[in-house]
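Examination of the molecular architecture
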There are 2 protein chains.
Amino acid sequence: MRDRFLRACRRQPVDRTPVWFMRQAGRYLPEYREIRGDRDILETCRHPEVVVELSLQPLRRMPLDAAIVFSDIMVPLEAIGIPIRVASGTGPVLEEPIRSEADLRRLRPLVPEEDEPYLLEAIRLLRAELQVPLIGFAGAPFTLASYLVEGGPSRDLARTKALLHGEPTIWARLMEVLADLCVTHLRAQIEAGAQAVQVFDSWVGTLEPEDYERAVLPYARTVFQGVADLGVPSIHFGVGTGELLRPMARAGGDVIGVDWRVPLDAAWERVGTDRGIQGNLDPAICLAPWEVVRAKALRVLGRAGGRPGHVFNLGHGVLPETPPDTLARLVDLVHTATGEPGEDAAAGAR
Amino acid sequence: MRDRFLRACRRQPVDRTPVWFMRQAGRYLPEYREIRGDRDILETCRHPEVVVELSLQPLRRMPLDAAIVFSDIMVPLEAIGIPIRVASGTGPVLEEPIRSEADLRRLRPLVPEEDEPYLLEAIRLLRAELQVPLIGFAGAPFTLASYLVEGGPSRDLARTKALLHGEPTIWARLMEVLADLCVTHLRAQIEAGAQAVQVFDSWVGTLEPEDYERAVLPYARTVFQGVADLGVPSIHFGVGTGELLRPMARAGGDVIGVDWRVPLDAAWERVGTDRGIQGNLDPAICLAPWEVVRAKALRVLGRAGGRPGHVFNLGHGVLPETPPDTLARLVDLVHTATGEPGEDAAAGAR
């Protein structure tokens, strides 16, 4: 198995900087659009053979250093009976949001082998196919809570914050339940074969640091501690987290994923060099001409400075308008630019 | 005239910390909703007497230290003939976005007295009514460009960034034209009576610092330099600008407006104490119970530390769901907490 991704997660030396992309199995690929069509993403996730196919598609196009199982952070919530519709282009919509003590009762414990067998089956099938490590994932408690509370897309998360501040007891209970769900969901994926996990706290960057520390960090920590004994590397990712990188690192994660707003070297300093760092090319850059993409990617690599522990990625998911060929060239660039000269044919090709 | 807002902008000592709210004339007020109804905001802006009424409404409810003329950052663009529809709840939509050299020709110079006489008339009328300073405003070149290029609401500004990176010559020309527009628009407002101006670079926080410095800062600087000789204080505001505060301060602004993601003291340190600071209560907090609002507001004031140059505000616009009474109590709280004890009756009321 090509293990440079796992080695980088553990801050061990690597032959080349590993690279994968958030949402690498996604709508920017014509072969993905052909299979998905207009099908609901949660419905799509229930078919292991489709999940396997979608997860493998990007690897057929480019020598990515990790696969990520095609799934959605809402999968375990739908699996315990919360009705969710993922509207194309806008995000998950819940007809009945979770906002009260009574609503909490709708969140029952997850029993992965019964509730989401298709996901575990897909992971087992994928492991048999893959030559690179497989990443499992979960939404972090805060980000899941934001969807449950808002009931639909929201820019300001005002209802979520109102609950967090106005109903601290309900908030704490909700976060506990979601942290448990997240641990159960991740453990099942690891036991089925996932060799690393990423925790997406995508929207946590809307919080001020002191609220993060008080009302989010403890539950994020529960998640990372809850999978620590299984010995697979964990990645802790969020968007707009410039002011939160220190507390996020304290909450957990062998690798901290950062977006493009903070230069990678500054981010790594905040996170601490006892952690790996993942990122951080702006996905919007991939819509620019190749010379721009190349220069920006080399800048990211330059800031990583060749220090062990860098996993190259975008700062957020691949945008649907991205030309697949740009990503393929990007993978080659990262490999070529960070390999020993002469180590393989590609190294001289620049 | 109650001048503590202007004094604070100039970092002079004040009797109380001044307070106003972005979007204080807005949908959270029932009397505003009654007048606006479903009318397009740009259509509403064309009636000076309506603008005056909407601008004055919040001041009748609470002793704000500044008024801001009711308008929209898209007004000068529509005024030069760009067809724009501001969709309720989503934002400005342009049927024909600006993306090419040829499109640039659609942007002609603004002649305020001919193109937006209603705005200048509203400012003159307001000055006759007001006991507090009147703020005029404009969208900064980057934020205006983002609307022109995207043609509609966008979370990632991918097209804007693609133009910025892929077509640097068109980008530079677009930003020059918008900087000129912005200067002309602001100068006309000041000459009509505006006693301070705020430049909204609301979406600039989606950029990484080096792109900001290269492709945005020079044009923002043109704007601030272009109004400097008129001697009114200027405020430079953006959202999610934690990493951009230093270059934004270099671009200009007597006062830098910050959102809630950065604690006020940390933000002020980045901006430099030769500038004032405006902010930075999370508007979502105003949907929480009063005791939460109170504690958070006192925390902001504590971080400002009584240093001259603080203008209390939210970190972004008032949310439509905000109870008006919460804002009124907030104004009183800021005044009471920062006044000399015994200076007026309210000071003892805590």
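Calculation notes
Residues numbered from 1 in each chain as written. Chains lettered and ligands numbered in written order. Predicted model: local features only at pLDDT ≥ 70, side-chain atom pairs only at ≥ 80, totals over all residues. Helix = DSSP H or I, 4+ residues; strand = E, 2+ residues; numbered from the N terminus. Contact = placed C-beta atoms within 7 Å. Least-squares fit on C-alpha atoms with pLDDT ≥ 70 in both. Axes fitted to C-alpha atoms, helices over the stretch in contact; angles between N-to-C directions. Parallel < 35°, antiparallel > 145°, perpendicular 65-115°, else oblique. Nonpolar A, V, L, I, M, F, W, Y, C, P; charged D, E, K, R; others polar. Expected span 1.5 Å × (residues − 1). Buried ≥ 20, exposed ≤ 12 C-beta atoms within 10 Å, placed from the backbone. Arc of directions from axis to C-beta. Pairing = 2+ DSSP bridges. pLDDT = per-residue confidence, 0-100. Left-handed = near helix turned anticlockwise from the far one by under 90°.

Re the environment of B:Ala145
All names here are of chain B.
- Mapped onto the elements of the fold, Ala 145 is located in helix α9 (residues 141-150).
- Placed 15 residues apart in sequence, Ala 145 and Thr 160 show a C-alpha to C-alpha distance of 7.4 Å.
- Excluding anything up to four places from it in sequence, Ala 145 contacts Thr 160, Leu 174, Met 175 and Leu 178.

Details of the relation of the copies chain B and chain A
- At an RMSD of 0.0 Å, chain B and chain A line up after a rotation of 180° and a shift of 0.0 Å along the axis. The symmetry that links the two subunits is that of a two-fold axis.
- Of all interface residues in chain B, 100% are interface residues in chain A too; the two copies therefore contact each other through one and the same surface.

Details of unusual backbone geometry
All names here are of chain A.
- Going from Gly 279 to Asn 280, the amide bond is cis rather than trans, its omega being -5°.
- As for its placement among the helices and strands, Asn 280 is situated in strand β8 (residues 276-281).
- Notably, Arg 23 is not glycine yet its phi reads approximately 60°, a positive angle.
- Topologically, Arg 23 is positioned in the loop between α1 (4-9) and α2 (30-36).

Thoughts on the packing of α9(B) against helix α10 (residues 158-166) of chain B
Residue and element names in this part refer to chain B.
- Contact geometry of α9 with α10 gives a least axis separation of 8 Å together with a crossing angle of 105°. On the basis of the axis angle, α9 is roughly perpendicular to α10. Contact with α9, carried on its side by Ala 145, Ser 146, Val 149 and Glu 150, involves Arg 159, Thr 160 and Leu 163 of α10 and no other residues of that element.
- Residue composition of the contact of α9 with α10, grouped by class: three nonpolar, two polar and two charged.

A word on helix α16 (residues 290-304) of chain A
Residues and elements named next belong to chain A.
- In this model α16 runs 21 Å from its N-terminal to its C-terminal C-alpha over 15 residues, within 8% of the 21 Å that 1.5 Å per residue would give.
- For α16, the set of buried residues is Val 293, Lys 296, Ala 297, Val 300 and Ala 304. Projected down its long axis, α16 shows its buried positions confined to an angular sector of 100°, all on one face. Of the exposed residues in α16, those oriented more than 90 degrees away from the buried face are Glu 291, Ala 295 and Gly 302.
- Of the surrounding elements, those touching the buried residues of α16 are α15 (264-271), β8, β9 (310-314) and α17 (324-338).

Focus on the interface of chain B and chain A
- Contact residues are listed per partner, giving 26 residues for chain B and 26 residues for chain A.
- Sorting elements by how many residues they give to the side of chain B that touches chain A places α10(B) first, with five residues.

Remarks on the pairing of strand β6 (residues 234-237) of chain A
Residues and elements named next belong to chain A.
- The two faces of β6 match: Ser 234 and His 236 on one face and Ile 235 and Phe 237 on the other face are all buried.
- Sheet topology places strand β5 (residues 196-200) next to β6; four bridges connect them, and they run parallel. Each residue of the ladder has a partner; that of Phe 200, found in β6, is Phe 237.
- Inspection of the sheet shows β6 paired to strand β7 (residues 255-257) by three bridges, in the parallel sense.

Some words on the confidence of the model for chain A
All names here are of chain A.
- Predicted confidence across chain A gives a mean pLDDT of 95, with 97% of residues reaching 70 or more.
- When the criterion is pLDDT under 50, residues 343-350 qualifies, and its contacts beyond four places in sequence or with other chains add up to 12 contacts.
- Reported confidence for the predicted complex is 0.93 by ipTM and 0.95 by pTM.

As for the packing of helix α11 (residues 168-192) of chain B against helix α13 (residues 217-228) of chain B
Residue and element names in this part refer to chain B.
- Two numbers describe how α11 lies on α13: the axes approach to 9 Å, and their chain directions differ by 25°. Relative to α13, the element α11 is oriented roughly parallel. Crossing of α11 against α13: the hand is right-handed. Note on element contacts: α13 touches α11 through Tyr 219, Thr 222, Val 223, Gly 226 and Val 227, opposite Met 175, Glu 176, Ala 179, Cys 182, Val 183, Leu 186, Arg 187 and Ile 190.

Regarding the environment of A:Gly309
Residues and elements named next belong to chain A.
- You can see Gly 309 is positioned in the loop between α16 and β9.
- We classify Gly 309 as buried; it has 24 C-beta atoms within 10 Å.
- Those residues within four positions of Gly 309 in sequence are excluded, and the remaining contacts are Ala 8, Arg 11, Gly 276 and Ile 277.

Here's the deal with the sheet that holds strand β8 (residues 276-281) of chain B
Residue and element names in this part refer to chain B.
- Within the open sheet, the seven strands sit side by side as β1-β4-β5-β6-β7-β8-β9. Their pairing is parallel. The open sheet has two edge strands with one neighbour each: β1 (67-68) and β9 (310-314).
- Along the sheet, helix α15 (residues 264-271) contacts β7 (255-257) and β8; its crossing angle with β8, the most-contacted strand, is approximately 150°.

Details of the sheet that holds strand β4 (residues 134-139) of chain A
All names here are of chain A.
- Taken together, the seven strands give an open sheet; going across it, the order is β1-β4-β5-β6-β7-β8-β9, and neighbouring strands pair in parallel fashion. Of all strands in the sheet, those with a lone pairing partner are β1 (67-68) and β9, marking the two edges.
- As paired strands, β8 and β9 are joined by five bridges and run parallel to one another. In the strand pairing of β9, Ile 277 is matched with His 310.

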